[in-house]
Amino acid sequence: MSETDDTLREVPLDALHRELGATMVPFAGYAMPVSYPLGVMKEHLHTRERAGLFDVSHMGQVRLYGDQAAAALEGLTTGNIIGLKPGRQRYTLFTNEAGGILDDFMVCNAGDYLQLVVNAACKEADLAHLRANLDDQVWVEPLEDRALLALQGPEAAAVLAEIAPETTEMVFMDARVVAVDGIECFVTRSGYTGEDGFEISVPAASAETLARRLLAFDAVEPIGLGARDSLRLEAGLCLYGHDMDTETTPVEASLDWAISKLRRPGGSREGGYPGAEVIARQLQYGVARRRVGLRPEGRAPVREGAPLQDGDGREIGRVTSGGFGPSVGAPVAMGYVATELTEPGTEVTAVVRGRERPVTVSETPFIRPSYRR
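Quick summary incoming for the structure in this document. Along each chain, numbering runs from 1 in the same order as the chain's sequence is written. Only residues with pLDDT of at least 70 are given local features in this predicted model, and only at 80 or more are side-chain atom pairs given and counted; all residues enter the totals for whole chains, interfaces and linings. As a convention, hydrogens and water are excluded, and side-chain values are obtained from all of the structure's heavy atoms.

**A short note on the pairing of strand β15 (residues 289-296)**
Operational definition: Whether two strands pair depends on DSSP finding at least two bridges between them. Strands here mean DSSP runs of E at least two residues long; helices mean DSSP runs of H or I at least four residues long; both are numbered from the N terminus.
In this structure, β15 lies alongside strand β18 (residues 330-338), joined through 6 bridges in antiparallel fashion. By the bridge assignment for β18, Gly 293 is matched with Met 334. Bridge count for β15 against strand β20 (residues 355-362) is 4 bridges, and the pairing is antiparallel. What sits directly across from Pro 296, in β20, is Val 359.

Right, dumping it as structure tokens:
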């Protein structure tokens, strides 16, 4: 590890990861499992074929209480939070006054409160942002005593049904309190892999018991951050701090769909969030660059940071995520290119260690998602 163990925070399953032979690495201030003895490639394919269990307890979990919590949160985000029905979840964005993305996160309407899951590297800043901008009628509660597990893959639903039958009623983006093997959990039917699956917020004291119960199923293997990254990349999902950041707007990041229709110009609750005027102009007039999928030629991956050029050798963008896609059987990447070059099939060039590599602009996702809608 590049940081000493005593400078890193531990997730509740730290001892279990080490018992399972995980390779631990620093990530967002935590010691996290990047892979297990199965290896990244097999972990990836196992998740696509059966079911993988991920520990994502480094993520920030937050509850907002108060009658005006939805309206207050809506004033900070691009989404329709007021209209989010009880038992449903939505992906949305915090933005700054320039329209840049402060974080992307999930928000659930749990009836008596809103439950948020924010990125690990952003959670302290997100908490400060919420506390600074929500009035005293909204109570912000970080959930420091909970772990977060993700069960993903085509057999995830059958596995979870064995110990939480109620989950069979849930569809994509449903959220509810569920007893999982007798442990009260907050469960959503969602994930970060492109596969059907669930995210399970569990009391930290019960996390190891639940993880061991799930790993006892033949279909389930522990999966590390390495495979999580290749799975989300194949699914065309952004990683905050890489594919988007405070210098990137939702329109540039091709996340227009995360701007709810009624928050757009002409909508019944248009604007009203930081950077709304900037984003409205971009929706109307366009932007100079956009995030796209990229398919490098050959077998070698094109990694983050590689410059992209047009046919005249002019730099027109940069790769923001790249690697080998085990399910695709070829390298895949995402990055930003000049808007006039965003049409799928457009040929560009990546410069890798001084050598030019042909790359084709592609639609995302690179695999067909299997969410249960």
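Alright, that's what it looks like, and here's the rest.
**Topic: the packing of aromatic side chains**
Short version of the rule: Put simply, two rings from Phe, Tyr or Trp (the six-membered ring, in Trp's case) pair if the centres are within 6.5 Å, and we call them stacked under 30 degrees between planes, edge-to-face over 60, tilted for the rest. The rule is short: NZ of Lys or CZ of Arg within 6 Å of the ring centre and within 35 degrees of the ring normal puts a charge over the ring.
Per the stated rule, a full pass over the model turns up 6 aromatic pairs. Each member of the aromatic cluster is reached from another via a ring pair, and the members are Tyr 65, Tyr 113, Trp 139 and Phe 186. Over the ring of Tyr 336 we find Arg 289, and its NZ or CZ is 4.6 Å from the ring centre.

**What about the pattern of salt bridges?**
Note the threshold: For salt bridges, the criterion is a side-chain nitrogen of Lys or Arg within 4 Å of an Asp or Glu carboxyl oxygen. Only protein chains enter the accessibility calculation, which uses a 1.4 Å probe; a residue whose area is less than 20% of its type maximum is buried, one above 50% is exposed, and one in between is partly exposed.
Applying the stated criterion across every chain yields a total of 20 salt bridges. One salt bridge in this structure joins Glu 195 and Arg 48, with 3.1 Å as the shortest N-O distance. A residue pair is termed long-range when its members are at least 10 positions apart, and Glu 195 in the loop between β12 (183-188) and β13 (197-203) and Arg 48 in helix α2 (residues 40-49) qualify at 147 residues. Residue Glu 195 is classed as buried on the basis of its relative accessible area of 7%. Since its relative accessible area comes to 12%, Arg 48 is described here as buried. Note that Asp 243 and Arg 232 form a salt bridge whose closest N and O atoms lie 2.9 Å from each other. One end of the pair, Asp 243, is in the loop between α7 (225-234) and α8 (276-285); the other, Arg 232, is in helix α7, with 11 residues separating them in the sequence. Arg 232 carries the same exposure label as Asp 243, and that label is buried. Beyond isolated ion pairs, a larger network of salt bridges with shared partners links Glu 19, Glu 208 and Arg 212.

**With respect to the sheet that holds strand β1 (residues 9-10)**
Spatial ordering of the open sheet is given by β1-β3-β2, a layout of 3 strands whose pairing is mixed. Edge positions in the open sheet fall to β1 and β2 (23-27), since each of these has one partner strand only. One ladder, built from 5 bridges, connects β2 with strand β3 (residues 30-35); its direction is antiparallel. When the sheet's bridge partners are listed, Thr 23 is paired in β3 with Ser 35.

**A look at α7**
Most of α7 is tucked away: 9 of the 10 residues are buried. Within α7, the full set of buried residues consists of Leu 225, Gly 226, Ala 227, Arg 228, Ser 230, Leu 231, Arg 232, Leu 233 and Glu 234. Phi turns positive, to about 70°, at Gly 236, one or two residues after α7.

**What to know about the packing of α2 against α7**
Stated precisely, the cut-off is as follows: To get an axis, a line is fitted to the C-alpha atoms, and for a helix only the part in contact is used. The angle between two axes follows their N-to-C directions and goes from 0 to 180 degrees. Reported orientations rely on four angle classes, namely roughly parallel under 35 degrees, roughly antiparallel over 145, roughly perpendicular from 65 to 115, and oblique for the rest. In this scheme, a crossing is called left-handed if the near helix is turned counterclockwise away from the far one by less than a right angle; it is called right-handed if the turn is clockwise. Contacts between residues were defined by any pair of non-hydrogen atoms, one from each residue, lying within 4.5 Å.
Across the interface, α2 lies against α7 with an axial gap of 8 Å and an inter-helix angle of 55°. The orientation of α2 relative to α7 falls into the category oblique. Handedness of the α2/α7 crossing: right-handed. Residues Val 40, Glu 43, His 44, Thr 47 and Arg 48 of α2 pack against Gly 226, Ala 227, Ser 230, Leu 231 and Glu 234 of α7.

**Quick look at the sheet that holds strand β17 (residues 315-325)**
Spatial strand order, β15-β18-β17-β16-β19-β20: 6 strands in a closed barrel with antiparallel pairing. Each neighbouring strand pair of the sheet contributes to a mean axis angle of 40°, computed without reference to strand direction. The strands touched by α7 are β17 and β18; relative to β17, the strand with the most contacts, the crossing angle is about 120°.

**Things to note about the environment of Glu 144**
Mapped onto the elements, Glu 144 comes out in the loop between β9 (139-142) and β10 (146-152). Overall, the relative accessible area of 58% leaves Glu 144 in the exposed class. In the structure, Glu 144 is positioned 218 residues away from Ser 362 in sequence and 40 Å away in space, judged by C-alpha atoms.

**Some points on the state of the cysteines**
Counted only if it meets this: In this description, a disulfide is simply a cysteine sulfur pair whose atoms lie within 2.5 Å.
One pass over the full model with this rule turns up 0 disulfides. Among the cysteines around Cys 108, which has no disulfide bond, Cys 185 carries the closest sulfur, lying 14 Å off. Take Cys 108: its relative accessible area is 2%, and that puts it in the buried class. Looking at the unpaired Cys 238, the closest cysteine sulfur is the one in Cys 122, lying at 13 Å.

**Here's the deal with unusual backbone geometry**
It is generally the case that most residues other than glycine have a negative phi and that most peptide bonds are trans. The step from Thr 364 to Pro 365 runs through a cis peptide bond, and the omega angle for that step is 5°. Residue position: Pro 365 is located in the segment after β20. One non-glycine residue, Asp 181, lies in the positive phi region at around 55°. Positionally, Asp 181 belongs in the loop between β11 (175-180) and β12. With a relative accessible area of 36%, Asp 181 lands in the partly exposed category.

**What to know about the packing of helix α5 (residues 156-163) against helix α6 (residues 204-215)**
Counted only if it meets this: Classes in brief: Ala, Val, Leu, Ile, Met, Phe, Trp, Tyr, Cys and Pro nonpolar; Asp, Glu, Lys and Arg charged; the others, Gly included, polar.
Contact pair α5 / α6: the axes reach a minimum separation of 10 Å and the direction vectors enclose 120°. Classified by the angle between their axes, α5 and α6 sit oblique to one another. At the point where α5 passes α6, the crossing takes the right-handed sense. Of the residues in α6, those touching α5 at Val 159, Leu 160 and Ile 163 are Leu 210, Arg 213 and Leu 214. Taken together, the residues that form the contact of α5 with α6 break down as 5 nonpolar, no polar and 1 charged.

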